[in-house]
Amino acid sequence: MKKDHKTKQIKPMLGLLARFLLLGTLFFVLYQVQLKGLPLMTLRVTKPLVLIGAIGAIPLNLWLDWKRFQISLDSDLGRLEQGKAFFQGLIVGFFTPQIVAYTLGRMSFKNTAQNGSIVRSGALAGMAQFLITVGFAGFGALYLESLSSPVYLMGWMAVIFVLIVVYRNAETFFNRIAQWVGFTFSARPLPQKQKMSLLFYSFLRYGVFSFQFHMINASLGAALDLKVLAVLMLSYGLITLAPSLLFGKIIVRESIAVAVFAYYGLSKETVFVTALLTWLMNVVIPVLYAILILNKRWKTYSS
């Protein structure tokens, strides 16, 4: 009876959360438009099929994130518990930095024995995505600034090498930090083969993000060339490095994208709408889907 009562209390809360999320999204979109004073009414979707292609990539992006979670979670956690942790992390990620959502946001209050593996999983997944994003950002910066000097190239390669070394030996760093705070990670390190698979799926996810951005940009009439690709790489890197606390970096994401694209002489209006639509596709829609799934299956998850 207590579980049924708890389930009846949780489901209305999830519905209220969904309404709050939609209202908050609308508020921030309107705020951003008014703040920047961009003439967005002049923009038109000139290639609707291209825009549909970007929308169609939403399930692929979500699936890749799910695969990354499964690969990095080297434990005997059942599929039902995996699903609960994954969708729970998506919701938490809307209100917190991604690393918090990937780690603390996926922890279970009931099956605490698996929390070490869950936190380790989120930290590794975050590191893998960070490595890919920063690597491409450095490449984009070298291309845009014509930094072909061996010094710059060696510097970029040195940074990537250090990040790879840290990533491959992540458990050693995690365990030392955990000892200071009295937390226990999974005793068995994630095999290097799985770490490479995680890196590969993170690369694919980066590719999906880039594909969506370019498809949305093209649907608004913007040209596609190597310069736009390089600016996008640099923007993603700066967005990743920028701190943000709420709503999937909605303010930070668009502000950085507009500033970087405008600096290189590209349309501010187009990139603002593109970044906003990318955020809606890859943050808001997955969170709404997660709320729908948890709301539908809460009785199963809480049993």
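Computed from a predicted structure; not experimentally measured.

**Let's talk about the nonpolar core**
Step number 1: Of all hydrophobic cores here, the largest spans 63 residues; its most connected members are Phe 86, Phe 87, Leu 124, Leu 198 and Phe 261.
Step number 2: No other element matches the 13 residues that helix H12 (residues 268-302) contributes to this core.
Step number 3: Among all residues touching Phe 261, those that are not within four sequence positions of it are Phe 213, Val 228, Val 231, Leu 232, Ser 235, Leu 266 and Val 271.
Step number 4: Among the nonpolar cores identified, the runner-up in size contains 6 residues, and Ala 54, Met 215, Ile 216 and Met 281 belong to it.

**A look at the packing of helix H3 (residues 58-72) against helix H6 (residues 115-144)**
Step number 1: Packing of H3 against H6 brings their axes to within 9 Å, and their N-to-C directions diverge by 125 degrees. The orientation of H3 relative to H6 falls into the category oblique. Between H3 and H6 lies a crossing of right-handed hand. Where H3 abuts H6, its residues Arg 68, Phe 69 and Ser 72 lie against Arg 120, Ser 121, Ala 125 and Gln 129.

**Quick word on the packing of aromatic side chains**
Step number 1: All chains considered together, the criterion is met by 15 aromatic pairs.
Step number 2: Aromatic side chains Phe 86 and Phe 87 sit 5.5 Å apart centroid to centroid with 70 degrees between the ring planes, which places their arrangement in the edge-to-face category. Neither Phe 86 nor Phe 87 differs from the other in exposure class; each is buried.
Step number 3: Where Phe 87 meets Tyr 289, the ring centres are 5.8 Å apart and the plane angle is 70 degrees; that geometry is what we call edge-to-face. Of this pair, Phe 87 sits in helix H4 (residues 79-95) while Tyr 289 sits in helix H12, and the two are 202 residues apart along the sequence.
Step number 4: Linked through ring pairs, Phe 136, Phe 203, Tyr 206, Phe 209, Phe 213, Tyr 236 and Phe 261 together constitute an aromatic cluster.

**Here's the deal with a nonpolar patch on the surface**
Step number 1: Together, Phe 161, Val 162 and Val 165 line one region of the surface with nonpolar side chains, adding up to about 280 Å² of accessible area.
Step number 2: For Phe 161, the location among the structural elements is in helix H7 (residues 150-168).
Step number 3: Judged by relative accessible area, Phe 161 falls into the exposed class, the value being 55%.

**Quick look at the confidence of the model for the chain**
Step number 1: Confidence in the prediction for the chain averages 77 pLDDT; 75% of positions are at 70 or higher.
Step number 2: The weakest mean pLDDT in the chain belongs to helix H1 (residues 2-36) at 52; the strongest belongs to H3 at 93.

**Concerning the environment of Phe 200**
Step number 1: With respect to the helices and strands, Phe 200 occurs in helix H9 (residues 192-219).
Step number 2: Separated by 72 residues in the primary sequence, Phe 200 and Ala 128 have C-alpha atoms spaced 8.8 Å apart.

**A look at helix H10 (residues 226-241)**
Step number 1: Compared with the 22 Å implied by 1.5 Å per residue over 16 residues, the 23 Å span of H10 between its first and last C-alpha is a close match.
Step number 2: If you check which residues of H10 are buried, you get Val 228, Ala 230, Val 231, Leu 232, Met 233, Leu 234, Ser 235, Tyr 236, Gly 237 and Ile 239.

**Focus on the pattern of salt bridges**
For side chains of opposite charge, pairing can occur when their charged atoms come near one another.
Step number 1: This structure, assessed with the given rule, holds 2 salt bridges.
Step number 2: Asp 65 is the salt-bridge partner of Arg 68, the closest N and O atoms lying 3.4 Å from each other. Of this pair, Arg 68 and Asp 65 both sit in helix H3, 3 residues apart, roughly one helical turn. Taken individually, Arg 68 and Asp 65 each receive the classification buried, so the pair is uniform in this respect.
Step number 3: For Arg 205, the salt bridge identified is with Asp 65, shortest N-O distance 3.9 Å. Of this pair, Arg 205 sits in helix H9 while Asp 65 is found in helix H3, placing the two residues 140 residues apart along the sequence.

**Regarding the side chain of Asn 282**
Step number 1: Mapped onto the fold, Asn 282 is located in helix H12.
Step number 2: Asn 282 gets classed as buried once you look at its relative accessible area, which sits at 12%.
Step number 3: Of the polar contacts made by the side chain of Asn 282, one reaches the side chain of Asn 61; its length is 3.1 Å.
Step number 4: At 2.8 Å, the side chain of Asn 282 forms a polar contact with the side chain of Gln 212.
Step number 5: When near neighbours in sequence (up to four residues on either side) are disregarded, Asn 282 contacts Asn 61, Phe 209 and Gln 212.

About the cut-offs
- Residues numbered from 1 in each chain as written.
- Predicted model: local features only at pLDDT ≥ 70, side-chain atom pairs only at ≥ 80, totals over all residues.
- Heavy atoms only, no water.
- Core = buried A, V, L, I, M, F, W, Y, C linked by side-chain atoms within 4.5 Å.
- Buried < 20%, exposed > 50% of the residue type's maximum accessible area, 1.4 Å probe, protein only.
- Helix = DSSP H or I, 4+ residues; strand = E, 2+ residues; numbered from the N terminus.
- Contact = heavy atoms within 4.5 Å.
- Axes fitted to C-alpha atoms, helices over the stretch in contact; angles between N-to-C directions.
- Parallel < 35°, antiparallel > 145°, perpendicular 65-115°, else oblique.
- Left-handed = near helix turned anticlockwise from the far one by under 90°.
- Phe/Tyr/Trp six-rings, centres within 6.5 Å; stacked < 30°, edge-to-face > 60°.
- Patch = residues over 30% accessible without salt bridge, like charges linked within 9 Å, V, L, I, M, F, W, Y side chains within 5 Å.
- Areas by Shrake-Rupley, 256 points an atom, 1.4 Å probe, with all protein chains shown as cover.
- Salt bridge = Lys/Arg side-chain N within 4 Å of Asp/Glu carboxyl O.
- pLDDT = per-residue confidence, 0-100.
- Expected span 1.5 Å × (residues − 1).
- Polar contact = N/O pair within 3.5 Å; in protein donor to acceptor, adjacent residues only side chain to side chain.

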